[in-house]
Amino acid sequence: MKQNAWLWYLALAVVAGQYYFVSSVGTAPDEDLFTAIGWSSVLAVAAGLVLFRRGRSIGGSIGWSLVLVSLVLYLLGDLVYGALEEANGFVEFPSSADWLYLAMYPVIGVGIVLIRRSVAPGRDRAALLDAAAIGVAAFGAIGAIYMNGYLTDDTFGRTAQLAASAYPVFDVALVGLAAWLVVRGRPAPACLWLVVSACASIVVGNAVFNVAAISFSFEPGGVADLGWMAFMVLLGAAALHPSVAVTQAPVDVPIARRTRRGGYAVLFAVAAVPAAQLRWGDTEDVATSVVTVALAV
């Protein structure tokens, strides 16, 4: 049962999530169910801390504790946002909820670093460079998709522009961290792949939300909700996976030893920049973006 706890949790969360999206067709989505699924991820991480406490290092325990704190901050942001919306009917940006959302990022970032060092110790300089290149490419793509729209919108004040630009910057940092977890010289443990999937989910959810928010066309119960829900659920499943208590032998990988996986990931990231420019940005910026990212690579 202990070894399959992550599968049971994932299956139950998928069933609940499916009901959430099916029930939201043609009507307002069930916010209480979304909140319940979110808090279930907090319970899952807490359960993982207890179930696998013996096989995990101190650094790993601290890392997962920080992930738990980050999920609590994220869900508190949802509660504050909902309370403000119910009280005022309209929530100004940025609100106190946004500061809770933003506080989540550095907390989970430190947690991810500690988790990676716990289950896969050692230095991999090639993976670090590849992750940095992927982060630069992600910054270019996210900038084209929605960040430039906020920065050039005169209706936003300085504080609002600062908060609006902080989200994509933190998302880019998550993309870089996720790449660092798996673009390595040896296979990554399953728990790290689940963390990577969680990071990708929230970045996609945020991108979909912001594209819709710029045009004031966002409606709950869509792809953005799916991304946010998957972010929380996948972190809960990762904390319950048995690989969190297995530590690989330390390995130091030199810079010159780039993996094929890393090379493909960087090429994909570079290709995403002009694609994003063609779809959401200015076509005249395509050539400049390609050259900039290629130099970074």
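Colleague: Sorry, what's going on with the overall build of the chain here?
Modeller: Counting its secondary structure elements, the chain contains 10 helices and zero strands. Reading the chain from its N terminus to its C terminus gives the helix and strand order α-α-α-α-α-α-α-α-α-α. Counting the 297 residues in the chain, one finds 46% classified as buried. A total accessible area of about 14600 Å² is found for the chain, and carbon and sulfur atoms account for 67% of it.

Colleague: Before we go on, may I ask you to explain helix 8 (residues 223-240) in this structure?
Modeller: With 18 residues, helix 8 extends 26 Å between its outermost C-alpha atoms, agreeing within 8% with the 26 Å of an ideal straight helix rising 1.5 Å per residue. The element helix 8 is extensively covered by neighbouring structure, given that 15 of its 18 residues are classed as buried.

Colleague: It is not clear to me how the packing of helix 2 (residues 31-51) against helix 3 (residues 58-88) should be interpreted in this structure. Could you clarify?
Modeller: Two quantities define a packed helix pair, namely the angle between the helix axes and the distance between the axes. Axis separation between helix 2 and helix 3 bottoms out at 10 Å; the angle between their running directions is 165°. In this view, helix 2 runs roughly antiparallel relative to helix 3, as classed from their interaxial angle. For the pair helix 2 and helix 3, the sense of crossing is left-handed. Side by side, helix 2 and helix 3 meet where F34, T35, G38, W39, S41, V42, V45, A46 and L49 of the first sit next to S61, W64, S65, L68, L71, V72, L75, D78 and L79 of the second. In terms of residue class, the contact of helix 2 with helix 3 is built from 12 nonpolar, five polar and one charged.

Colleague: When you look at the packing of helix 6 (residues 158-182) against helix 7 (residues 190-214) in this model, what are you seeing that I'm missing?
Modeller: For the pair helix 6 and helix 7, interaxial distance at closest approach is 9 Å and the crossing angle is 155°. In terms of their interaxial angle, helix 6 and helix 7 are classed as roughly antiparallel. For the pair helix 6 and helix 7, the sense of crossing is left-handed. Of the residues in helix 7, those touching helix 6 at D171, L174, V175, A178, L181 and V182 are L192, W193, V195, V196, C199, I202, V203 and N206. In the contact of helix 6 with helix 7, the residues fall into 12 nonpolar, one polar and one charged.

Colleague: It is not clear to me how the layout of surface pockets should be interpreted in this structure. Could you clarify?
Modeller: Rolling a probe over the atoms, with the probe sized like a water molecule, indicates the empty space that remains. Approximately 1600 Å³ is the volume found for the largest pocket. What lines the largest pocket is a set of 43 residues, and nearest its centre among them are Y81, E85, F209, F218 and W228. Elements supplying a minimum of two residues to the lining of the largest pocket: helix 2, helix 3, helix 4 (96-119), helix 6, helix 7 and helix 8. Grouping the amino acids of the lining of the largest pocket by side-chain chemistry returns 26 nonpolar, eight polar and nine charged.

Colleague: Looking at this structure, how should I read the nonpolar core?
Modeller: In summary, soluble globular proteins display a tendency toward joint burial of nonpolar side chains. With 69 residues, the main nonpolar core has W64, I202 and F231 as its most contacted residues. For this core, the secondary-structure elements that each account for two or more residues are helix 1 (5-23), helix 2, helix 3, helix 4, helix 5 (125-151), helix 6, helix 7 and helix 8. Among the elements that make up this core, the one with the highest residue count is helix 8 (12 residues). Among residues more than four places away in sequence, those in contact with F231 are L71, Y74, M104, I108, A198, S201 and I202.

Colleague: In this structure, what is going on with a nonpolar patch on the surface? I would like to understand it.
Modeller: The grouping of V204, V208 and V223 at the surface amounts to a nonpolar patch, some 220 Å² of accessible area in total. Relative to the helices and strands, V208 is located in helix 7.

Colleague: For this particular structure, what's the right way to read the packing of aromatic side chains?
Modeller: Any pair of aromatic rings gets described here by the distance separating the centres and the angle formed by the planes. This structure, assessed with the given rule, holds eight aromatic pairs. Ring centres of Y20 and F34 lie 5.7 Å apart, and the angle between their planes is 50°; on these two criteria the pair is classed as tilted. In this pair, Y20 is assigned in helix 1 and F34 in helix 2, connecting sequence segments 14 residues apart. Since its relative accessible area comes to 2%, Y20 is described here as buried. Both rings, one in Y74 and one in F231, keep their centres 5.5 Å apart while their planes meet at 70°; by these two values the pair is edge-to-face. Residue Y74 is located in helix 3, and its partner F231 is located in helix 8; the two are separated by 157 residues in the primary sequence. Take Y74 and F231: they sit in the same class, and that class is buried. What links up through ring pairs into an aromatic cluster is the set Y20, F21 and F34.

Colleague: Please explain the confidence of the model for the chain as it appears in this structure.
Modeller: Low-pLDDT portions of the prediction should not be read for the details of their coordinates. Mean pLDDT over the chain stands at 81; residues scoring 70 or higher make up 76%. Mean pLDDT across the elements of the chain bottoms out in helix 10 (residues 286-296) (50) and peaks in helix 8 (96).

Colleague: Before we go on, may I ask you to explain a negative patch on the surface in this structure?
Modeller: Negative charge collects at one region of the surface, where D30, E31, D32, E85 and E86 lie side by side. Taken together, the elements giving at least two residues each to the negative patch come down to helix 2 and helix 3. As for its placement among the helices and strands, D32 is situated in helix 2.

Each value, and the rule that gives it
Starting from 1, residues in each chain are numbered consecutively following that chain's sequence as written. Since the coordinates come from a predicted model, pLDDT governs what is reported: local features require at least 70, and pairs of side-chain atoms require 80 or more to be given and counted, while whole-chain, interface and lining totals use all residues. Excluded from the side-chain calculations are hydrogens and water; all other atoms, namely the structure's heavy atoms, are used. Only DSSP runs of H or I with at least four residues qualify as helices, and only runs of E with at least two residues qualify as strands; both kinds are numbered from the N terminus onward. Three exposure classes are used, based on accessible area relative to the maximum for each residue type with a 1.4 Å probe and protein chains only: buried under 20%, partly exposed in between, and exposed over 50%. Computed by Shrake-Rupley with a 1.4 Å probe, the accessible areas treat only the displayed protein chains as cover when residues are assessed. Given a helix with a known number of residues, its expected span is that number minus one, times 1.5 Å. Think of each axis as a best-fit line through the C-alpha atoms, taken over the contacting stretch in the case of a helix, with angles from 0 to 180 degrees between the N-to-C directions. When an angle is under 35 degrees it counts as roughly parallel; over 145 it counts as roughly antiparallel; between 65 and 115 it counts as roughly perpendicular; any other value is oblique. In this scheme the crossing of two helices becomes right-handed for a clockwise turn of the near helix relative to the far one and left-handed for an anticlockwise turn of less than a right angle. In what follows, a contact means two residues having at least one pair of non-hydrogen atoms within 4.5 Å. Under the grouping applied here, Gly and all other residues not named as nonpolar or charged are polar, the nonpolar ones being Ala, Val, Leu, Ile, Met, Phe, Trp, Tyr, Cys and Pro and the charged ones Asp, Glu, Lys and Arg. The way it works is a 1 Å grid over only the protein atoms, where trapped points that fit a 1.4 Å probe form a cavity and open points with protein on both sides within 12 Å along at least five of seven lines form a pocket, and then any residue with an atom within 4 Å of a point lines it. Grid points are joined across faces, edges and corners, and a volume is the space filled by probe spheres set on the points. Grouping buried Ala, Val, Leu, Ile, Met, Phe, Trp, Tyr and Cys residues that are joined through side-chain atoms within 4.5 Å yields what is termed a nonpolar core. Like charges within 9 Å and nonpolar side chains (Val, Leu, Ile, Met, Phe, Trp, Tyr) within 5 Å are joined into patches, using only residues over 30% in relative accessible area that form no salt bridge. A side-chain nitrogen of Lys or Arg and a carboxyl oxygen of Asp or Glu constitute a salt bridge if their distance falls within 4 Å. Working definition: rings of Phe, Tyr and Trp (its six-membered ring) pair if their centres are within 6.5 Å, and the pair is stacked with planes under 30 degrees apart, edge-to-face with planes over 60 apart, and tilted otherwise. A residue's pLDDT is the confidence the predictor assigns to it, expressed on a 0 to 100 scale. Residues scored as positive are Lys and Arg, those scored as negative are Asp and Glu, and His as well as the terminal groups of each chain are ignored. Taken as the charge location is NZ of Lys, CZ of Arg, CG of Asp or CD of Glu.

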